[in-house]
Amino acid sequence: MLKKKFFINGEWIEGNHYQSLTSPYSEEVIAEIPQASEKEVDQAIEAADKAREVMAKMSAHERAAILENLVRLIEERAAEAAEIIAKEAAKPITTAKAEVARTIATYKFAAEEAKRIYGETLPLDAAQGGEGRVAYTVREPLGIVTAITPFNFPMNLVAHKVGPALAAGNTIVLKPASQTPLSSLFLGELLEEAGLPKGAINIVTGSGRVVGEKITTDDRVSVVTFTGSPAVGIGIRNKAGLKRVILELGSNSAVIVDKNVEIDKIISRCVTGAFSFQGQVCISLQRIYVHEEVYESFVERFVEQTSQLKIGDPLHPTTDVSALITRNDVERSLAWIEEAKEGGAKVALGGKAEGNVLYPTVILEADSSLKVSCQEVFAPIVLINKIQSMEEAYQFVNDSRYGLQAGIYTNDVFTALEASEKLHVGGVMINDIPTFRVDHMPYGGVKESGLGREGIKYTIEEMTELKLIVWNKN
């Protein structure tokens, strides 16, 4: 049995307590994972603290070179990386391979941005009394970044925290999701080989209650970056004090389909957005609002294409949909589907489970008060509702605690511009689903969807401090 260790101060350290990690699909034990006590977490923070000066003084080209080495190493072991994701997260292998490719791109962006961290000059003589002075700004690393990452993109969402932190000259304590620690420990191996100084990254696995509490409240920590549920994120924000906090939280993302859209051209894209990785994606397409003139046609084609998705083993190359991350998520999803039926909604497809696999489910005519509509479902469930106007659609989309991304399909440029103004979200995708993301764009939400922005350049801004320097020539 594979027995893993913590990675602290450049060394692999055994834990005193271990917990079995099981496959969400087969439910077989795949590894034994150490469970950190406060002692190990403290050791990780201390190591990161000692490495701060080394990282802060490291030149931009040296930081970039380490990240470039990391990119090369991931490329060499891409097949192994994808298999790790598929086993621990039950992500279909083709989707896991796509995540590895995105992870490589994310670290490439980080390597490039490491060489582009700069400030600006300021014309102080624009103000009376500023004559004879020269001013400029620089960006400096904040220090220790603590990162708490989710299960759904166990390599690429880690890259969105680790990449910019290292590019900016910070040190890191990483706490991966309990179900997907293998991806992060794999990263530790690669960064060690890539030449990262000891203590610059420290990886501790275990309970969020123990590890998360310590790395959020410790006074040596400067930044807390978290991706996960709003309840946990809000708790972190309340405990973090004056630390910089970056939160990427939940959503129930929606797309609007206008009456002038050619339905056949968008169905495949919408099905992919709804059911990729079993809907366990922050910007998964959960709500679809279709104009009444094309509603019946859209529903018919959407259900038909969804019914063709292949269910099964995540390691099989033809699998589209596999197991949810836990049995509890299956049971919760079934309960939400039952609530929707009792509330008058119709289940056009799915609504059943086999083992930990929930079949792709399409729900029609769901009231906005139902959990499948107003909460984040994080499962292969999508609702399709009829609208009479764009104004009605905007109201439905905005009637949410969340606001990460939204999409609209329309051939009317004025409608597109109107939607971009009226949709209260962090990103509006014109003629695309809300699930679109590339790794250098600013990504984040409003309301309970989070605080701050990811996307390498933008995260570096969050993980650095702006310093002003003024020279008096008088």
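Reading the values: the criteria
- Residues numbered from 1 in each chain as written.
- Predicted model: local features only at pLDDT ≥ 70, side-chain atom pairs only at ≥ 80, totals over all residues.
- Heavy atoms only, no water.
- Helix = DSSP H or I, 4+ residues; strand = E, 2+ residues; numbered from the N terminus.
- Buried < 20%, exposed > 50% of the residue type's maximum accessible area, 1.4 Å probe, protein only.
- Contact = heavy atoms within 4.5 Å.
- Core = buried A, V, L, I, M, F, W, Y, C linked by side-chain atoms within 4.5 Å.
- Polar contact = N/O pair within 3.5 Å; in protein donor to acceptor, adjacent residues only side chain to side chain.
- Pairing = 2+ DSSP bridges.
- Axes fitted to C-alpha atoms, helices over the stretch in contact; angles between N-to-C directions.
- Parallel < 35°, antiparallel > 145°, perpendicular 65-115°, else oblique.
- Left-handed = near helix turned anticlockwise from the far one by under 90°.

**Structural notes on the environment of Phe-436**
With respect to the helices and strands, the residue Phe-436 is situated in the loop between strand E21 (427–430) and strand E22 (446–447). Using a relative accessible area of 29% as the deciding quantity, one classes Phe-436 as partly exposed. Setting aside its immediate chain neighbours within four residues, Phe-436 contacts Arg-269, Ile-283, Gln-405, Met-429 and Met-441.

**Regarding unusual backbone geometry**
The phi dihedral of Asn-9 is positive, around 55°, even though this residue is not glycine. As for its placement among the helices and strands, Asn-9 is situated in the loop between strand E1 (6–8) and strand E2 (11–13). A residue is classified by how much of its surface remains accessible, and Asn-9, at 34% relative accessible area, is partly exposed. A positive phi angle, near 55°, is found at Asn-431, a position not held by glycine. Tracing the backbone shows Asn-431 in the loop between E21 and E22.

**Quick word on the nonpolar core**
With 55 residues, the main nonpolar core has Tyr-107, Val-162 and Ile-201 as its most contacted residues. For this core, the element with the highest residue contribution is helix H5 (residues 93–114), accounting for eight residues. Beyond its immediate chain neighbours, meaning those up to four positions away, Tyr-107 contacts Leu-67, Leu-70, Val-71, Ile-74, Val-158, Ala-159, Val-162, Gly-163 and Leu-187. Counting 26 residues, the second largest nonpolar core, distinct from the first, contains Val-271, Phe-298, Val-321 and Ile-384.

**Quick look at the environment of Asn-152**
The residue Asn-152 is located in the loop between strand E7 (144–148) and helix H6 (156–167) in this model. Taking C-alpha positions, Asn-152 is 20 Å from Pro-442, a pair spaced 290 residues apart along the chain. For Asn-152, the residues in contact, after removing those within four places along its chain, are Lys-91, Glu-99, Leu-157, Phe-277, Gln-280, Val-281, Cys-282 and Phe-378. Within the structure, the side chain of Asn-152 is placed 3.2 Å from the backbone oxygen of Gln-280, a separation counted as a polar contact.

**Regarding the sheet that holds strand E12 (residues 254–257)**
Sheets are built from strands paired through backbone hydrogen bonds, the pairs being either parallel or antiparallel. Sheet architecture is open: seven strands sit in the order E14-E17-E18-E13-E12-E20-E21, paired in mixed fashion. Lying at the two open borders of the sheet, with one neighbouring strand each, are strand E14 (346–349) and E21. Here the average twist between neighbouring strands, direction ignored, is 25°. For E12 and strand E13 (residues 287–291), the ladder comprises four bridges, and the chain directions are parallel. Note on E13: the bridge partner recorded for Ala-254 is Arg-287. Lying over the sheet, helix H11 (residues 295–306) contacts E12, E13, E14, strand E17 (361–364) and strand E18 (381–387), oriented at roughly 165° with respect to E18.

**What about the packing of H5 against H6?**
At their nearest, the axes of H5 and H6 sit 9 Å apart, and the two run at 15° to each other. Comparing their axes, H6 and H5 come out roughly parallel. Classified by chirality, the crossing of H6 by H5 is right-handed. Of the residues in H6, those touching H5 at Glu-99, Arg-102, Thr-103, Thr-106, Tyr-107, Ala-110 and Ala-114 are Asn-156, Val-158, Ala-159, His-160, Val-162, Gly-163, Pro-164 and Ala-167.

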